[in-house]
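Chain by chain, the residues:
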Amino acid sequence: MTFTFFICAALSAASSFEDTIVVTASRSPSLLAEEPLSVSVVDQGAASFTLAHHPAELLASVPGALIQAGSGQEHLTALRSPVLTGGAGAGSFLYLQDGVPLRSSGFANVNGLFDAQTEGFDRIEVVRGPGEVTYGSNALHGAINVISPDPLQAEGGSLAVDAGAFDRYRLMATQGGGGFYGQFSAYKDGGYRATSGVDQIKGQLAHGALRGQTTLRSRLSFHQLEQETAGFVPGDDAFESEDLRRSNPNPDAFRNVKHLLFSSEVKSPLAGGNITIIPYILWTDMEFLMHFLPSQALEENRHAAGGLLSSFEKEMGATQLLIGGDIEIAKGALSEIQEIPDIFSFTQGVHYDYEVSSKSVAPFVRLRHQLTRRLSVQGGVRLTYTDYRYENKTDDGVVGRFLRLPDRRDDFAVFTWKGAALYAVNDRLSVRASLARGGRPPQTTDLYRLQRNQTIEGIEPETLDMAEIGVRYQHPQFSADIVAFQGQKENFLFRDADGFTVDDGVTTHQGVEVSTRWSPSPRWQVYGNGTWAQHEYDFTRIVGRASEIILPGNEVDTAPSTLGQVGVVFTPSLKWRSELVLTHVGAYFTDAANENSYPGHEVLDLRLGYQLSDRWQLAAAIKNLTDERYATRADFAFGNERYFPGEERHVTASLRTNW
């Protein structure tokens, strides 16, 4: 494959709203410029220079998004939201691989991206806010869809070897041709902090076939993770301490994950339209030490699911019909066992041991109509019905702080909708507006992992109503997307500081997101994104710790009001490329009562690339160029500040060949 890598990267970096294709909005290719929603696209060509070893590095360029890296491959997500944890963090974001959910909706995981093929992707599409009715459960604050190369188009192959500080090494290989595509990556991390090494492998095998007007794409993805886990470093401003920042208070902590996903996408003409059917099977198994709790309990969870995604799209004059439905059957299990002696109300022995079977059915319909040459409107609805059957495998009742429910059945119906309009002022400028409701049923852990003095009765699906208005401008040298949003979330499900599940929380969300790109000359390019947002509690919750008492008007903890990234790309020749990137995370409160805070930080990275020949490229990145002392995550719990320290200045290099 004798292409010039830097030219391709520059073209992808400069891709415009006008010609960008997205599939997450409608499950079929459409022009981003014609979609009345907020979608950001992370392109592999531009992202390759980040030499990212964690999804947080890839998505830092998305306005409204904050991925807080934990230890190893662990992370927490914010997407037009605070950084959410527990069931809220797992269930509020929909993580997809090629349009297929990586986990069953009731058995999601807060580390939702580490199962995705973020090493060999073609692009990543990020839908910010409640999106289209094509996706329902867990797409409350948005969706992240990692899209693989198309096996029908992939030709040739590549091999890349990375090496860097902290004994980090990675091998990535791809090969395509003849309707087949394969990718494989192996990553070894010696660990920035004590006893925090990572061994991870990922891969995908794909096959595509064309039979007349019918296309078939089948993919098998796998992920295996074995990591030693470093916990929070406690202490006032511990992230600045040279003695503490590389320490590990939880040397016995670990996380092991296995994940498989098989899907087969069939697209074919039908009745004057096009039908898409995607059957899939997924399986996952995970065990980890709950180092963030006094119990240091061992959790084991697993689930398997089979499902079918379907949609039918038809043009009827000025009106487009999209109709479909999704079904899924899943079965999962969870156990939590504490080996250490009793500590407070955390008792030694079994805390929970249960199985849950789930079924979900979700029909949807959307109509889009071109009212005039410049104005289009659309409306859609989706109904998601979920049924849980819970079976307790240990004694019913209260043990210590833990409540084990007797066998039971619960079901939920979630109605979501969206109305939107898009007006093309001219060929370069468009305005869009939408009003949408997102929703999700409770996670199984929200329902069946209760504490004493709690009841499951009254737990309702969580909903988020959000309005937004946006402006897009496109010019060959300059593009911009500006959007303002305001929303309210009800029945917010989360764990308070006493460990109890809150089922009636209310929060408000408002902000402005901006993304721009300017190319003053062929050699120079400047890009940036910025977010101002305010996320507040709108209810009262009294708990035992004064620092965690929730009152209306308090800012939600771990919700920076400002986020941003600015990059300058200089390409002096066809062989050289350099990029200087500044990433900003604003200050945020670390407790619900807004008594403790983290000051925020700025991190500067330098990325360099050199084209050795038509087939060989060399890249290097100096990360945290100014050697800033910062925290990737800051928290206040159990009366102490605690942090995941950010890494000091370090270098990563990569050698890549293509054929």
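Digging into the pattern of salt bridges
Taken as a whole, this structure holds 43 salt bridges when the rule is applied. E579 is the partner of R577 in a salt bridge, and the nearest nitrogen-oxygen pair spans 2.9 Å. Neither R577 nor E579 differs from the other in exposure class; each is buried. Look at the salt bridges and you will find they share partners, linking R80, R128, R432, E468, D481 and E513 into a network.

Structural notes on the nonpolar core
Among the nonpolar cores identified, the biggest contains 57 residues, and L59, I124, I144 and Y448 are the most heavily contacted of them. Among residues more than four places away in sequence, those in contact with L59 are V42, A65, I67, L113, I124, V126 and I144. Of all hydrophobic cores here, the second largest spans 18 residues; its members include A90, A238, F239 and V603.

Quick look at the packing of aromatic side chains
The geometry of an aromatic ring pair is captured by two quantities: the separation of the ring centres and the angle between the planes. For the coordinates displayed, the defined rule picks out 17 aromatic pairs. When the centroid spacing of 4.6 Å and the interplanar angle of 25° are considered together, the rings of F492 and F494 count as stacked. Of the two residues, F492 and F494, neither departs from the other in class, the shared state being buried. Considering the side-chain rings of F494 and F539, the 6.3 Å spacing of their centres and the 75° angle between planes classify their relative orientation as edge-to-face. In this pair, F494 is assigned in strand 28 (residues 478-495) and F539 in the loop between strand 30 (524-537) and strand 31 (562-570), connecting sequence segments 45 residues apart. Here a set of aromatic residues connected by ring pairs shows up, and it is made of F239, Y588, Y598 and Y643. R255 extends its terminal NZ or CZ atom over the ring of F288, reaching a point 4.2 Å from the ring centre.

With respect to unusual backbone geometry
The residue D98 is not glycine, and still its phi comes out positive at about 55°. For D98, the location among the structural elements is in the loop between strand 6 (93-97) and strand 7 (100-101). Phi angles above zero are rare outside glycine, and D237 is one such case at about 50°. One can find D237 in the loop between strand 15 (233-234) and strand 16 (254-270). The class of D237 is partly exposed, set by a relative accessible area of 38%.

Section: the sheet that holds strand 8 (residues 123-128)
Ordered by their spatial adjacency, five strands build an open sheet running 3-8-9-6-7, and the pairing between neighbours is mixed. Two strands bound the open sheet, and with one partner strand each, they are strand 3 (39-43) and strand 7. Bridge count for strand 6 against strand 7 is two bridges, and the pairing is antiparallel. The residue of strand 7 that forms the bridge with Q97 is V100.

A word on the sheet that holds strand 26 (residues 450-451)
Ordered in space as 22-23-26, the three strands form an open sheet in which the pairing is antiparallel. Of all the strands in the sheet, just strand 22 (397-399) and strand 26 have a single pairing partner and so form its edges.

Quick notes on the pairing of strand 4 (residues 65-69)
Most of strand 4 is tucked away: five of the five residues are buried. Both faces of strand 4 are covered, namely the face carrying A65, I67 and A69 and the face carrying L66 and Q68. In the sheet, strand 4 pairs with strand 5 (residues 75-79) via five bridges, with the strands oriented antiparallel. Paired with Q68 across the strands is L76, a residue of strand 5. Between strand 4 and strand 5, which pair antiparallel in sequence order, lie five residues; one of them, G72, sits at a positive phi of approximately 65°.

A look at a nonpolar patch on the surface
A cluster of nonpolar side chains, contributed by L159, V161, L171, F184, I201 and W659, occupies part of the molecular surface with about 460 Å² of accessible area. Its location among the elements puts L171 in strand 11 (residues 168-177).

Here we look at the confidence of the model for the protein
Per-chain confidence: the protein averages 93 in pLDDT, with 97% of residues scoring 70 or above. Here residues 1-15 is modelled with pLDDT under 50, and outside its nearest four sequence neighbours on either side it reaches 39 contacts, counting other chains as well.

Remarks on the side chain of T24
Following the sequence through the fold, T24 ends up in the loop between strand 1 (21-22) and strand 2 (30-31). Given a relative accessible area of 3%, T24 falls into the buried group. Within the structure, the side chain of T24 is placed 2.5 Å from the side chain of E125, a separation counted as a polar contact. Of the polar contacts made by the side chain of T24, one reaches the side chain of N145; its length is 3.0 Å. Dropping the residues within four chain positions of it, T24 is found in contact with E125, V127, T134, Y135 and N145.

A few points about the environment of S81
If you trace the backbone, S81 turns up in the loop between strand 5 and helix 4 (86-91). The buried category is assigned to S81, whose relative accessible area is 7%. Distance in space between the C-alpha atoms of S81 and T508 is 9.5 Å, their sequence separation being 427 residues. Within polar-contact distance, the side chain of S81 engages the backbone nitrogen of L79 at 3.0 Å.

A closer look at the environment of I201
Within the secondary structure layout, I201 lies in strand 13 (residues 198-211). Through-space distance from the C-alpha of I201 to that of H223 is 5.9 Å; in sequence the pair is 22 residues apart. If we ignore the near neighbours within four places in the chain, the residues touching I201 are F184, S185, A186, F222, H223 and Q224.

Thoughts on the pairing of strand 27 (residues 462-474)
In terms of strand pairing, strand 25 (residues 429-440) meets strand 27 through twelve bridges, oriented antiparallel. From the neighbouring strand, S434 faces strand 27, where its bridge partner is E468. Relative to strand 28, strand 27 runs antiparallel, the two being bridged by twelve bridges. Across the sheet, residue R472 finds its bridge partner in strand 28, namely D481. The antiparallel hairpin formed by strand 27 and strand 28 contains three residues in its connecting segment.

Calculation rules
Residues numbered from 1 in each chain as written. Predicted model: local features only at pLDDT ≥ 70, side-chain atom pairs only at ≥ 80, totals over all residues. Heavy atoms only, no water. Salt bridge = Lys/Arg side-chain N within 4 Å of Asp/Glu carboxyl O. Buried < 20%, exposed > 50% of the residue type's maximum accessible area, 1.4 Å probe, protein only. Core = buried A, V, L, I, M, F, W, Y, C linked by side-chain atoms within 4.5 Å. Contact = heavy atoms within 4.5 Å. Phe/Tyr/Trp six-rings, centres within 6.5 Å; stacked < 30°, edge-to-face > 60°. Helix = DSSP H or I, 4+ residues; strand = E, 2+ residues; numbered from the N terminus. Lys NZ or Arg CZ within 6 Å of the ring centre and 35° of its normal. Pairing = 2+ DSSP bridges. Patch = residues over 30% accessible without salt bridge, like charges linked within 9 Å, V, L, I, M, F, W, Y side chains within 5 Å. Areas by Shrake-Rupley, 256 points an atom, 1.4 Å probe, with all protein chains shown as cover. pLDDT = per-residue confidence, 0-100. Polar contact = N/O pair within 3.5 Å; in protein donor to acceptor, adjacent residues only side chain to side chain.

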